Number of protein chains: 4
Amino acid sequence: MSEPTVVETSFPVRYAETDSMQIVHHSHYIVYFEEGRSAYARARGKPYSQFEKQGLFLAVTEIYTRHVQPAFYEQLITVRTWIAEIKSRSIKFEYEIIDANTKAMITTGWTKHMCIDRNGKITRIPDEWRDWATN
Amino acid sequence: MSEPTVVETSFPVRYAETDSMQIVHHSHYIVYFEEGRSAYARARGKPYSQFEKQGLFLAVTEIYTRHVQPAFYEQLITVRTWIAEIKSRSIKFEYEIIDANTKAMITTGWTKHMCIDRNGKITRIPDEWRDWATN
Amino acid sequence: MSEPTVVETSFPVRYAETDSMQIVHHSHYIVYFEEGRSAYARARGKPYSQFEKQGLFLAVTEIYTRHVQPAFYEQLITVRTWIAEIKSRSIKFEYEIIDANTKAMITTGWTKHMCIDRNGKITRIPDEWRDWATN
Amino acid sequence: MSEPTVVETSFPVRYAETDSMQIVHHSHYIVYFEEGRSAYARARGKPYSQFEKQGLFLAVTEIYTRHVQPAFYEQLITVRTWIAEIKSRSIKFEYEIIDANTKAMITTGWTKHMCIDRNGKITRIPDEWRDWATN
């Protein structure tokens, strides 16, 4: 398989995302991953909000995260997102969250999704997504 | 007006709700208020989830909170909720969040809501809610 | 009093910030306000994270929000933030959250804060903040 | 290895935890897992807040979740938590989130943690935790 297309999006850590350990609470990396997917689809010219308006949804089936080092309030972070695997009805995204300046690794992980319609029925992922994976 | 009916619900503060100041982040009191409203409707025998299934929604129009002292991880808190004012198409809830054991005041506030239908049209609040306010 | 300095910051609504009504959950506007304050301090050259490293904290004492119309997933929003009032030991910020493109009003509100030190003792706000209010 | 001790805690899904798909947003299961850990330590007589007061912290190093079916607003859910593996300086918790009434599976997963002290130095997990695993 050729090299996957990687989309990057950067933003500062919000105060509300920190916890008593004075680091980003681990649940927020899941939200950062989701922001990575949103940025990915926007960069490809098909915002996920349009995808939903067509009656398609990417339901999350599995998540894995590995926490290398903590992120802190106001740290500028970059989420790097790519499609690691795509089948007719499922898709796997991979992510790296790094410090936007030093490029130091913070968190890595992946999410798996099934494509469903408004009634929750499993459905084919639109063909264009397959093209996105490597172009 | 006679004394309003007050409904209480108690739960421990979650770790994820704390921030770098090692206290509950102020945005979570808004969620605790909402839990207070949910507990109120459940206690009255008409869960808010049923209300929504009938196609009615209480859209938030205004919120006010006053923070007397912070709450901490694992502190058992009680949300006290009552209807402060009810008109044909709007409703005002008031809240006190207190320590469940010492009864010390943590946060007080109120929220105002309009009743809307599935299309966002402003609608009459069901009559039973009016009875709830004082019975 | 002369016109206050207004700082603007813009970002898209995240999917995780929506709720079952398919609009931004009202608790997240509180977080957007906080992002507004963070952007304000960064724009003035004194990030709030530095403020905290000096051992000073702006504890939230009161919040008010008014919800004019809902915001939706992936909508680009702008938070406009300014200092509405500043006393020796307290400060009031005001906010407008608007659609970044149409400028339509979404939510307005204000927050009040006391300046405290590491021990929770009420403390003077640094003089530079007073200058910020109108310059 | 003998059967692990399982601790259960139950609570209703909050409205703020739902998203535009009208189901619990997947990031909240991570918070429910954390509530499971908190309930586990409380049930064992050593609340995690006391653990922290002793200067010990369980930093999250890895998370895995598998989503079997969605949870909905006001659904009463039960988090079942147990220690799956414990070494001198790391610990692995496993979780099942089920419907409290029907016992239908919603989400399963695990989290791995390192024990650290206030300075972030990796440290031995207190011996009592080892006893907890199977008693």
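Here, the structure is the one placed above.
No experiment lies behind these values; they were computed from the predicted model shown.

The rules behind these values
- Residues numbered from 1 in each chain as written.
- Chains lettered and ligands numbered in written order.
- Predicted model: local features only at pLDDT ≥ 70, side-chain atom pairs only at ≥ 80, totals over all residues.
- Heavy atoms only, no water.
- Contact = heavy atoms within 4.5 Å.
- Salt bridge = Lys/Arg side-chain N within 4 Å of Asp/Glu carboxyl O.
- Polar contact = N/O pair within 3.5 Å; in protein donor to acceptor, adjacent residues only side chain to side chain.
- Helix = DSSP H or I, 4+ residues; strand = E, 2+ residues; numbered from the N terminus.
- Nonpolar A, V, L, I, M, F, W, Y, C, P; charged D, E, K, R; others polar.
- Pairing = 2+ DSSP bridges.
- Buried area = accessible area lost by both parts, 1.4 Å probe.
- Axes fitted to C-alpha atoms, helices over the stretch in contact; angles between N-to-C directions.
- Parallel < 35°, antiparallel > 145°, perpendicular 65-115°, else oblique.
- Least-squares fit on C-alpha atoms with pLDDT ≥ 70 in both.
- Buried < 20%, exposed > 50% of the residue type's maximum accessible area, 1.4 Å probe, protein only.
- Arc of directions from axis to C-beta.

Caption draft 1: Region of interest: the interface of chain A and chain D. Listed per partner, the contact involves 20 residues of chain A and 20 residues of chain D. Applying the counting criterion to the chain A and chain D interface returns 0 salt bridges. One can count 8 residue pairs in polar contact (both at pLDDT 80 or more) joining chain A with chain D. Of all the secondary-structure elements, those providing two or more residues to the side of chain A that touches chain D are helix 1 (27-43), strand 2 (56-67) and strand 5 (105-117) of chain A. Looking at the side of chain A that touches chain D element by element, the count peaks at 9 residues for strand 2 of chain A. Here the residues of the side of chain A that touches chain D are counted per class, giving 9 nonpolar, 6 polar and 5 charged. For strand 2 of chain A and strand 2 (residues 56-67) of chain D, the ladder comprises 5 bridges, and the chain directions are antiparallel.

Caption draft 2: Geometry of the interface of chain C and chain B. Counting residues at the interface gives 20 residues for chain C and 20 residues for chain B. Both sides of the chain C and chain B interface together cover about 1,800 Å² of buried area, and 63% of this is carbon and sulfur. Contact with chain B buries area across many residues of chain C, yet Met21, His26 and Ile63 of chain C alone supply 30% of it, more than any other trio. Inspection of the region where chain C meets chain B yields 0 salt bridges. Taken together, chain C and chain B are joined by 8 residue pairs in polar contact (both at pLDDT 80 or more). Taken together, the elements giving at least two residues each to the side of chain C that touches chain B come down to helix 1 (27-43), strand 2 (56-67) and strand 5 (105-117) of chain C. Broken down by element, the side of chain C that touches chain B gets its largest block of residues, 9 residues, from strand 2 of chain C. Looking at the side of chain C that touches chain B residue by residue, the classes come out as 9 nonpolar, 6 polar and 5 charged.

Caption draft 3: Quick look at the packing of helix 1 of chain A against helix 1 (residues 27-43) of chain D. Axis separation between helix 1 of chain A and helix 1 of chain D bottoms out at 8 Å; the angle between their running directions is 170°. With respect to their mutual orientation, helix 1 of chain A and helix 1 of chain D come out roughly antiparallel. Listed contacts from helix 1 of chain D to Ser27, Ile30 and Val31 of chain A of helix 1 of chain A are Ser27, Ile30 and Val31 of chain D. Class assignment for the residues of the contact of helix 1 of chain A with helix 1 of chain D results in 4 nonpolar, 2 polar and no charged.

Caption draft 4: Focus on the relation of the copies chain A and chain D. Its rotation angle being 180°, the transformation that places chain A on chain D also includes 0.0 Å of axial translation and leaves an RMSD of 0.0 Å. What the superposition gives is, in effect, a two-fold axis relating one chain to the other. Rotation axis and chain A: the residue whose C-alpha lies nearest the axis is Tyr64 of chain A, separated from it by 2.2 Å. Same-surface contact between copies: 100% of interface residues of chain A are shared with the interface of chain D.

Caption draft 5: Looking closely at the relation of the copies chain C and chain B. With an RMSD of 0.0 Å, chain C superimposes on chain B once it is rotated by 180° and translated 0.0 Å along the axis. Mapped onto chain B, 100% of the interface residues of chain C are again interface residues, and the two copies thus contact each other with one and the same surface.

Caption draft 6: Spatial organisation of the pattern of salt bridges. Taken as a whole and judged by the stated rule, the model has 40 salt bridges over all chains. Arg14 of chain A is the partner of Glu17 of chain C in a salt bridge, and the nearest nitrogen-oxygen pair spans 2.9 Å. Residue Glu17 of chain C is found in the loop between strand 1 (7-12) and helix 1, and its partner Arg14 of chain A is found in the loop between strand 1 (7-12) and helix 1; the two belong to separate chains. The class for Glu17 of chain C is buried, based on a relative accessible area of 4%. In this structure, Glu94 of chain C engages Lys92 of chain C in a salt bridge whose closest nitrogen and oxygen atoms are separated by 3.8 Å. You can call Glu94 of chain C partly exposed: its relative accessible area is 24%. A single salt-bridge network, built from bridges that share partners, covers Glu8, Arg80 and Glu96 of chain A.

Caption draft 7: Spatial organisation of helix 3 (residues 127-134) of chain B. All names here are of chain B. All buried positions along helix 3 are accounted for by Trp129, Trp132 and Ala133. The buried residues of helix 3 occupy an angular sector of 105° when projected down its axis, which confines them to one face. At its buried positions, helix 3 is contacted by helix 1 (27-43), helix 2 (48-53), strand 2 (56-67), strand 3 (76-86) and strand 4 (90-99).

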